[in-house]
Amino acid sequence: MIKQKNFPIDTDYSWYDISGLSQDDSRQLQSEFYFTPEIISYVSDRHERPHYDYDKYTDTHLLVYDVPVWPTAASKHFISRPITFLLQDKNLFTFHTVETSYVFDEFNDPQMLRRLSHAQDVTELLVTFLMFASQYFQRAVTQLDAERNDLDAKLSDDINNQDLVELSNIEKSLVYLSSSIQTDQMMLNSLQHSQLTFSKPAKERLDDVLIESSQSSEMVQISRQVTKTLSSTSNNMMNNNLNDTMQFLTVWSLVLTIPTILTGFYGMNVKLPIFNAAYDWIVIVILMVALMVWLILLMRKHHFF
């Protein structure tokens, strides 16, 4: 659905917000604004990578920008999806899906619309949207850091399979976010050498967006390193616990072998040397205990446990 946003202050530019582009919307955009089918295919692609493009026939600037999508029941980790901007003359078109609608939902507030209406031209309005979209990466990384810290606290106690799955989801999320931020930065850098003419305030805000994106990239890289260290520590602890368990079982299986051998040997229904009295079983029990204690002391001396 195509919605033209009404600003509380008169502006010389217009903003059209399109959520869930339909066939009717596509036909309307082509008939009223002369967008080409190629441009329509770009804005309708849910997996389009961030980039900048310019169509000289319609004088239309296309910008694709990735934003994070929060985990859902279907996807347990963060992913990224594109939002698309079309700038034609003094008209700005924003395209998004249900997953990425949160980026523009906050601008439904009258105070936010008033803030947008203070932009001097359409390029400053565009860069304002890019600034808000960039900030969501830091929010996502902050949430992932909090989840990782909770898992880190469990390492000193006990960590189960569910915790490992959550840790794996955090690692996947950081990979997606890192990849999206890098491609977003490439797109933002390409704007400085594009056909798009920015006003002075827009250029200043574009520099702020680049700084914001760089900070997000650093946060993601640091978080990935810490998460990688935590994952490695978890694996080492699990391997160490497994080694302790196997060592414990090995030691006691050897210790319990002694009574098995003695009782099996002297339990045979044949005449055996040395022991011929009725109280011989007491001697055998004492011998078993002595040998077991000796074996335990021997293995402790050699640091088997």
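Keep in mind that this is a model prediction, so the values were computed, not measured. Counting from 1, residues in each chain are numbered in the order their sequence is written. Reporting in this predicted model follows two pLDDT cut-offs: at least 70 for local features of residues, and 80 or more for side-chain atom pairs to be given and counted; totals over whole chains, interfaces and linings ignore these cut-offs and use all residues. With hydrogens and water stripped out, all remaining heavy atoms of the structure feed into the side-chain values.

## Focus on a nonpolar patch on the surface
Here's step 1: What goes into a patch is any residue over 30% in relative accessible area without a salt bridge, connected to like charges within 9 Å or, for nonpolar side chains (Val, Leu, Ile, Met, Phe, Trp, Tyr), within 5 Å. Each accessible area is a Shrake-Rupley estimate made with a 1.4 Å probe; only the visible protein chains count as cover when residues are assessed. A side-chain nitrogen of Lys or Arg and a carboxyl oxygen of Asp or Glu constitute a salt bridge if their distance falls within 4 Å. Taken together, the side chains of Trp281, Ile282, Val285, Ile286, Val289, Val293 and Leu297 present a nonpolar region at the surface, about 660 Å² in accessible area.
Here's step 2: Each helix is a run of H or I in the DSSP string that is no shorter than four residues. Each strand is a run of E no shorter than two, and both are numbered from the N terminus. Relative to the assigned elements, Val285 resides in helix α9 (residues 280–301).
Here's step 3: We classify Val285 as partly exposed; its relative accessible area is 35%. We call a residue buried when its accessible area falls under 20% of the maximum for its residue type, exposed when it is over 50%, and partly exposed in between, using a 1.4 Å probe and counting protein chains only.

## Digging into the packing of helix α5 (residues 122–155) against helix α7 (residues 200–255)
Here's step 1: Closest axis-to-axis distance for the α5/α7 pair is 9 Å, and the angle between their directions is 15°. Overall, the two elements α5 and α7 adopt an arrangement that is roughly parallel. As α5 packs across α7, the resulting crossing turns out to be left-handed.
Here's step 2: Side-chain classes follow a simple rule in which Ala, Val, Leu, Ile, Met, Phe, Trp, Tyr, Cys and Pro form the nonpolar group, Asp, Glu, Lys and Arg form the charged group, and the remainder, Gly included, forms the polar group. Tallied by class, the residues present in the contact of α5 with α7 amount to 16 nonpolar, 12 polar and seven charged. Inter-axis angles, ranging from 0 to 180 degrees, are taken between N-to-C directions of lines fitted to C-alpha atoms, where helices are fitted over the stretch in contact. Note on angle classes: values under 35 degrees are labelled roughly parallel, values over 145 roughly antiparallel, values of 65 to 115 roughly perpendicular, and the remainder oblique. Left-handed describes a crossing in which the near helix is turned anticlockwise from the far one by less than a right angle; the clockwise case is right-handed.

## Quick notes on the side chain of Thr84
Here's step 1: Its place among the elements puts Thr84 in strand β5 (residues 79–88).
Here's step 2: Classification of Thr84 as buried rests on a relative accessible area of 2%.
Here's step 3: Contact between two residues is taken to exist if any of their heavy atoms lie within 4.5 Å; hydrogens are not considered. Excluding anything up to four places from it in sequence, Thr84 contacts Val43, Leu62, Leu63, Val64, Phe93, Thr94 and Phe95.

## Observations regarding the pairing of strand β2 (residues 14–19)
Here's step 1: Most of β2 is tucked away, with five of its six residues classed as buried.
Here's step 2: Here β2 pairs with strand β6 (residues 91–96) via six bridges, running parallel. Directly across from Ser14, in β6, lies its bridge partner Asn91. Two strands are counted as paired when DSSP detects at least two bridges linking them.

## Let's talk about unusual backbone geometry
Here's step 1: Of note, the phi angle at Asp59 is positive, near 50°, even though the residue is not glycine.
Here's step 2: Tracing the backbone shows Asp59 in the loop between β3 (51–55) and β4 (60–69).
Here's step 3: Positive phi outside glycine occurs at Asp89, with the angle close to 55°.
Here's step 4: As for its position among the elements, Asp89 is in the loop between β5 and β6.
Here's step 5: Judged by relative accessible area, which is 59%, Asp89 ranks as exposed.

## Topic: the nonpolar core
Here's step 1: By size, the foremost hydrophobic cluster in this structure holds 38 residues, and its most contacted members are Trp15, Tyr65, Phe85, Leu125, Phe129, Leu188 and Leu191.
Here's step 2: Of all the secondary-structure elements, those providing two or more residues to this core are β4, β5, α3 (102–105), α4 (110–116), α5, α6 (161–191) and α7.
Here's step 3: If you tally residues by element for this core, the top one is α5, at 10 residues.
Here's step 4: Discounting residues that sit within four places of it in the chain, Phe129 has contacts with Trp15, Phe85, Leu92, Thr94, Phe104, Phe107 and Leu116.
Here's step 5: With 15 residues, the next largest nonpolar core counts Val141, Leu144, Ile170 and Leu177 among its residues. Nonpolar cores were defined as sets of buried Ala, Val, Leu, Ile, Met, Phe, Trp, Tyr and Cys residues, with membership established by side-chain atoms within 4.5 Å.

## Points about the packing of aromatic side chains
Here's step 1: For Phe, Tyr and Trp, rings pair up if their centres lie within 6.5 Å, where Trp contributes its six-membered ring, and each pair is then called stacked (planes under 30 degrees apart), edge-to-face (over 60) or tilted (otherwise). Scanning the entire structure with this criterion turns up 18 aromatic pairs.
Here's step 2: Residues Trp15 and Phe107 carry aromatic rings whose centres are separated by 6.3 Å and whose planes lie at 85° to one another, so their mutual orientation is edge-to-face. Separated by 92 residues along the polypeptide, Trp15 in strand β2 and Phe107 in the loop between α3 and α4 bring together distant segments of the chain.
Here's step 3: Residue Trp15 is classed as buried on the basis of its relative accessible area, which comes to 0%.
Here's step 4: Overall, Phe107 belongs to the buried group, its relative accessible area being 0%.
Here's step 5: Joined through ring pairs, the aromatic side chains of Trp15, Phe85, Phe104, Phe107, Phe129 and Phe132 make up one cluster.
Here's step 6: Distance and angle both matter: a charge sits over a ring if NZ of Lys or CZ of Arg is within 6 Å of the ring centre and within 35 degrees of the ring normal. Over the face of the ring belonging to Trp15 we find Lys5, whose NZ or CZ atom lies 5.7 Å from the ring centre.

## Let's talk about the environment of Met112
Here's step 1: Tracing the backbone shows Met112 in helix α4.
Here's step 2: With 94 residues separating them in the primary sequence, Met112 and Leu206 have C-alpha atoms 19 Å apart.

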